[in-house]
Amino acid sequence: EADLMGRDVAEVLTLSDPAPIGVVREWGVRQLGLELELTTRAAIRKPVTVDLFPAYDEDGGLLVALTPRTPDLALATG
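Residues numbered from 1 in each chain as written. Predicted model: local features only at pLDDT ≥ 70, side-chain atom pairs only at ≥ 80, totals over all residues. Heavy atoms only, no water.

Chemist: I would appreciate a short explanation of the sheet that holds strand 2 (residues 31-39) in the present structure.
Modeler: Across a sheet, paired strands are connected by hydrogen bonds in the backbone, their directions being either parallel or antiparallel. Pairing is antiparallel in the open sheet, where four strands are placed in the order 1-2-3-4. Each of the sheet's edge strands pairs with one partner strand only, and the pair in question is strand 1 (14-15) and strand 4 (62-68). The pairing of strand 1 with strand 2 spans two bridges and is classified as antiparallel. By the bridge assignment, Thr14 is partnered in strand 2 with Thr39. Sheet strands in contact with helix 2 (residues 19-27) are strand 1, strand 2, strand 3 (45-54) and strand 4, and its direction is about 5° off that of strand 3. (Pairing = 2+ DSSP bridges. Helix = DSSP H or I, 4+ residues; strand = E, 2+ residues; numbered from the N terminus. Contact = heavy atoms within 4.5 Å. Axes fitted to C-alpha atoms, helices over the stretch in contact; angles between N-to-C directions.)

Chemist: What should I look at first to understand the layout of surface pockets in this one?
Modeler: Here the largest pocket defines a volume of roughly 340 Å³. Ranked by the residues each element gives to the lining of the largest pocket, the list is headed by strand 4, at four residues. Size it by volume and the second largest pocket reaches roughly 270 Å³. What lines the second largest pocket is a set of 11 residues, and nearest its centre among them are Asp3, Leu4, Val12, Leu13 and Arg41. Along the lines of polarity and charge, the residues of the lining of the second largest pocket split into four nonpolar, three polar and four charged. (1 Å grid on protein atoms, 1.4 Å probe; cavity = no way out; pocket = protein on both sides within 12 Å on 5 of 7 lines; lining within 4 Å. Points joined across faces, edges and corners; volume = space filled by probe spheres on them. Nonpolar A, V, L, I, M, F, W, Y, C, P; charged D, E, K, R; others polar.)

Chemist: Quick question: what am I supposed to make of the pairing of strand 2 here?
Modeler: Within a regular strand, the side chains alternate between the two sheet faces. In the sheet, strand 2 pairs with strand 3 via seven bridges, with the strands oriented antiparallel. Bridge pairing links Glu37 to Pro47 in strand 3. Linkage of strand 2 to strand 3, two consecutive antiparallel strands, is achieved through a turn of five residues, within which Ala43 is found at a positive phi near 65°.

Chemist: I'm lost on the environment of Glu37 in this one. Help?
Modeler: If you trace the backbone, Glu37 turns up in strand 2. Separated by 32 residues in the primary sequence, Glu37 and Arg69 place their C-alpha atoms 9.4 Å from one another. Contacts of Glu37, omitting those with residues within four sequence positions, involve Thr14, Leu15, Ser16, Arg45, Lys46, Pro47 and Val48. Among the polar contacts made by the side chain of Glu37, one reaches the side chain of Arg45 at a distance of 2.5 Å. (Polar contact = N/O pair within 3.5 Å; in protein donor to acceptor, adjacent residues only side chain to side chain.)

Chemist: Can you walk me through helix 2 in this structure?
Modeler: Residue pairs spaced three or four apart in an α-helix point in one direction, given the helix's 3.6 residues per turn. Taken as a whole, helix 2 has its buried residues at Pro20, Ile21 and Val24. Down the axis of helix 2, the sector holding all buried residues measures 110°, keeping them to one side. When the buried face of helix 2 is taken as reference, the exposed residues oriented beyond 90 degrees from it are Glu26 and Trp27. For helix 2, the elements touching its buried residues are helix 1 (9-12), strand 1, strand 2, strand 3 and strand 4. (Buried < 20%, exposed > 50% of the residue type's maximum accessible area, 1.4 Å probe, protein only. Arc of directions from axis to C-beta.)

If you want it as structure tokens, here you go:
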């Protein structure tokens, strides 16, 4: 958490598709339920569901909710 506080989310989080961040910032709309991948500092790709919300404050911030996704066990076992 300390690595993220006060930093630009688009720079810190390496998402497989950063375009929704621009949409939220430009249009002030939510982007919900995006199934993307997050790449960690150790270059590990993690599947996540991303919800992006505009922060209606002076600096035009962004609120981000990340939920880990796990592979569907039914598909994994056949």
